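# Structure at a glance
Single-letter residue listing:
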Amino acid sequence: MSNETVTRAEVTDAIVREVGVTRQESSDLLDRTLDLIGAALEHEEEVKLARFGNFVVRSKSAREGRNPKTGEEAPIAARRVVTFRPSPMLKALVGRD
């Protein structure tokens, strides 16, 4: 995999190499996994992936914001956002030099 950005194609290729399935099966597996995660988050369920982290949907209230360029105030609508909290194992991996 590259050093800067990991793409879907690179993850698919890694699954082919590591698991030994075909490229089509690998792509289908990745797509299904991402679909399941997305569906759970759409229903505001928490997604916990052991040794990786947790994805959680948070509701944010409406508020007044400010355009940083003009300084003009603008309303920011209420919305739901996905947050990610890495596991201690992932934090340790990222923290290595």
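Structure report, in brief.

Calculation notes
Residues numbered from 1 in each chain as written. Predicted model: local features only at pLDDT ≥ 70, side-chain atom pairs only at ≥ 80, totals over all residues. Heavy atoms only, no water. Helix = DSSP H or I, 4+ residues; strand = E, 2+ residues; numbered from the N terminus. Buried < 20%, exposed > 50% of the residue type's maximum accessible area, 1.4 Å probe, protein only. Contact = heavy atoms within 4.5 Å. Areas by Shrake-Rupley, 256 points an atom, 1.4 Å probe, with all protein chains shown as cover. Expected span 1.5 Å × (residues − 1). Arc of directions from axis to C-beta. Pairing = 2+ DSSP bridges. Axes fitted to C-alpha atoms, helices over the stretch in contact; angles between N-to-C directions.

### Points about the overall build of the protein chain
- Regarding its fold elements, the protein chain presents three helices and five strands.
- Principal-axis analysis of the C-alpha atoms gives the protein chain an extent of 55 × 35 × 25 Å.
- In the protein chain, buried positions account for 15% of the 97 residues.
- In the protein chain, 30% of the contacts between residues at least 6 apart in sequence involve partners at least 24 apart.
- Here the protein chain has roughly 7900 Å² of accessible surface; of this, 53% comes from carbon and sulfur atoms.

### As for the side chain of Thr12
- Its location among the elements puts Thr12 in helix 1 (residues 8–19).
- Since its relative accessible area comes to 4%, Thr12 is described here as buried.

### Some thoughts on helix 1
- With 12 residues, helix 1 extends 16 Å from end C-alpha to end C-alpha; this agrees with the ideal 16 Å at 1.5 Å per step.
- Taken together, the buried positions of helix 1 are Thr12, Ala14 and Ile15. The buried residues of helix 1 all sit within an arc of 160 degrees when viewed along its axis, so they share a single face.
- After helix 1 finishes, the residue Gly20 shows a positive phi value of roughly 90 degrees.

### Description of the sheet that holds strand 1 (residues 47–49)
- Pairing is antiparallel in the open sheet, where three strands are placed in the order 1-2-5. Each of the sheet's edge strands pairs with one partner strand only, and the pair in question is strand 1 and strand 5 (79–86). Across the sheet, the mean angle separating the axes of adjacent strands is 25 degrees when strand polarity is ignored.
- One ladder, built from three bridges, connects strand 1 with strand 2 (residues 53–60); its direction is antiparallel. By the bridge assignment for strand 2, Lys48 is matched with Asn54.

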